[in-house]
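Chain residues, written in single-letter form:
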Amino acid sequence: FQLDNFFSNLDFIQNFISQNYLLSIFTFVTLYTFLILCNFPFASLLSMINGFLFGTWIGGTISLIGGTLGAFGIFIIAKIFFSDFIKNKFLNKYSYIENYFNKNDLELMILIRIVPAAPFFIQNLILAGLGANNKKFFFTTLFGLAPWSFIFGSIGQGLEEIFINKTELSFSLIV
C-alpha cells in the first residue's frame, strides 16, 4: 500500500464509489474493521482516506464504526484468550491501576479513548486485562473515537485541496 498507487488509481476508485455507494461504504467499514483487528499501524491515515473519498461526515462515520467494531473484536479476543496473561504480566505490577479502574471504570475508559496516550491496540489489551464490561467498552469506544474519526475525516476531505489541486500547504489551509 502506497499513496502513489492510491492517487494513480483515484479515478477508478471514485467511479466505483459513485456507482456502488452503499457497497463501497460497507466495503470500507469491513476493511477498516479488519485492519484494526490486525493492528494496522496507520489507522489515522485510513481515516483521512475515508474523509478524502466520502467527505467528513460519511468518512468519519465509516472510521467510527469500523474502529469501534475492530476494537471490540480485539477486546473480546483478548478478554477470552489473554486476560490472565495480561493481568499476570503487566497489571499485577501496577495494582493501583486495577483498584482505580474498579472504582472509576467508565471515566477511565472514556479518558483512555479521548486522550490517545497509548497505542490503540494496547488500550484494548489493557481494558481487556482489567476486565472491562463489554457494553461499557463498546459505548465508551464509540463515544471516545467519535471526535478523532471526524477530525481525521475532515483533514482527509481537506487533502483534496493539497493533492488534486496542487495547493501549497499553508496555515490557512490547515485551519
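What you see is a predicted model, and the numbers here were worked out from it, not measured in a lab.

Undergrad: Sorry if this is basic, but what is going on with the pattern of salt bridges here?
TA: For side chains of opposite charge, pairing can occur when their charged atoms come near one another. Counting across every chain of the model gives 1 salt bridge. In this structure, the salt-bridge partner of K136 is D105, at a minimum N-O distance of 2.9 Å. Pair noted here: K136 is in helix α10 (residues 134-163) and D105 is in helix α8 (residues 105-114), with a separation of 31 residues, a long-range link. Residue classification places K136 among the partly exposed positions, given a relative accessible area of 32%. Given a relative accessible area of 18%, D105 falls into the buried group.

Undergrad: Got a minute to help me understand the nonpolar core in this structure?
TA: General note: in soluble globular proteins, nonpolar side chains tend to be found buried as a group. Counting residues in hydrophobic clusters, the biggest one holds 14 residues, and the most contacted among them are F75, F101, M109, L127, L130, A132 and F137. Put simply, the parts of the chain that give this core at least two residues each are α5 (56-81), α6 (83-91), α8 and α9 (120-129). In this structure, L127 is in contact with F75, F101, M109, I112, A132 and F137, ignoring residues within four places of it in sequence.

Undergrad: Sorry if this is basic, but what is going on with the side chain of N124 here?
TA: Mapped onto the secondary structure, N124 falls in helix α9. At 2.4 Å, the side chain of N124 forms a polar contact with the side chain of R113. Once residues lying within four places of it in the same chain are set aside, the contact partners of N124 are A71, I74, F75, R113 and F137.

Undergrad: Can you walk me through helix α3 (residues 21-37) in this structure?
TA: Note that an α-helix has 3.6 residues per turn; residues three or four places apart therefore point the same way. With 17 residues, α3 extends 24 Å between its outermost C-alpha atoms, agreeing within 8% with the 24 Å of an ideal straight helix rising 1.5 Å per residue. Count one or two residues on from α3 and you reach N39, which has phi positive near 60 degrees.

Undergrad: Is there a simple way to explain unusual backbone geometry in this structure?
TA: Trans peptide bonds make up the majority, and among non-glycine residues the majority have a negative phi. The phi dihedral of N39 is positive, around 60 degrees, even though this residue is not glycine. Position of N39 among the secondary structure elements: in the loop between α3 and α4 (43-54). According to the relative accessible area criterion, N39 is partly exposed, its value standing at 38%.

Undergrad: Just checking my understanding: could you explain α9 for this structure?
TA: Within α9, the full set of buried residues consists of Q123, N124, L127, A128 and G129. In the segment just after α9, G131 is the residue with positive phi, at about 75 degrees.

Undergrad: I would appreciate a short explanation of the packing of aromatic side chains in the present structure.
TA: Each aromatic ring pair is described using two quantities: the centre-to-centre distance and the angle formed by the ring planes. This structure, assessed with the given rule, holds 10 aromatic pairs. Ring geometry for F75 versus F137: centroids 3.9 Å apart, planes at 10 degrees, classification stacked. In this pair, F75 is assigned in helix α5 and F137 in helix α10, connecting sequence segments 62 residues apart. For F75, a relative accessible area of 0% translates into the label buried. For F137, a relative accessible area of 0% puts it in the buried group. Three or more aromatic residues joined by ring pairs form one cluster here, namely F72, F75, F137, F138 and F139.

Undergrad: Looking at this structure, how should I read the packing of α3 against α5?
TA: Orientation of α3 relative to α5, taken along the N-to-C sense of each, is 40 degrees, at an axis distance of 7 Å. When the axes of α3 and α5 are compared, the crossing they make is right-handed. Contacts between α3 and α5 involve Y21, I25, F28, V29, Y32, T33, I36 and L37 from the first element and I58, I62, S63, I65, G66, G67, L69, G70, A71, G73, I74 and I77 from the second. Considered class by class, the residues forming the contact of α3 with α5 number 14 nonpolar, 6 polar and no charged.

Definitions and limits used
Residues numbered from 1 in each chain as written. Predicted model: local features only at pLDDT ≥ 70, side-chain atom pairs only at ≥ 80, totals over all residues. Heavy atoms only, no water. Salt bridge = Lys/Arg side-chain N within 4 Å of Asp/Glu carboxyl O. Helix = DSSP H or I, 4+ residues; strand = E, 2+ residues; numbered from the N terminus. Buried < 20%, exposed > 50% of the residue type's maximum accessible area, 1.4 Å probe, protein only. Core = buried A, V, L, I, M, F, W, Y, C linked by side-chain atoms within 4.5 Å. Contact = heavy atoms within 4.5 Å. Polar contact = N/O pair within 3.5 Å; in protein donor to acceptor, adjacent residues only side chain to side chain. Expected span 1.5 Å × (residues − 1). Phe/Tyr/Trp six-rings, centres within 6.5 Å; stacked < 30°, edge-to-face > 60°. Axes fitted to C-alpha atoms, helices over the stretch in contact; angles between N-to-C directions. Left-handed = near helix turned anticlockwise from the far one by under 90°. Nonpolar A, V, L, I, M, F, W, Y, C, P; charged D, E, K, R; others polar.

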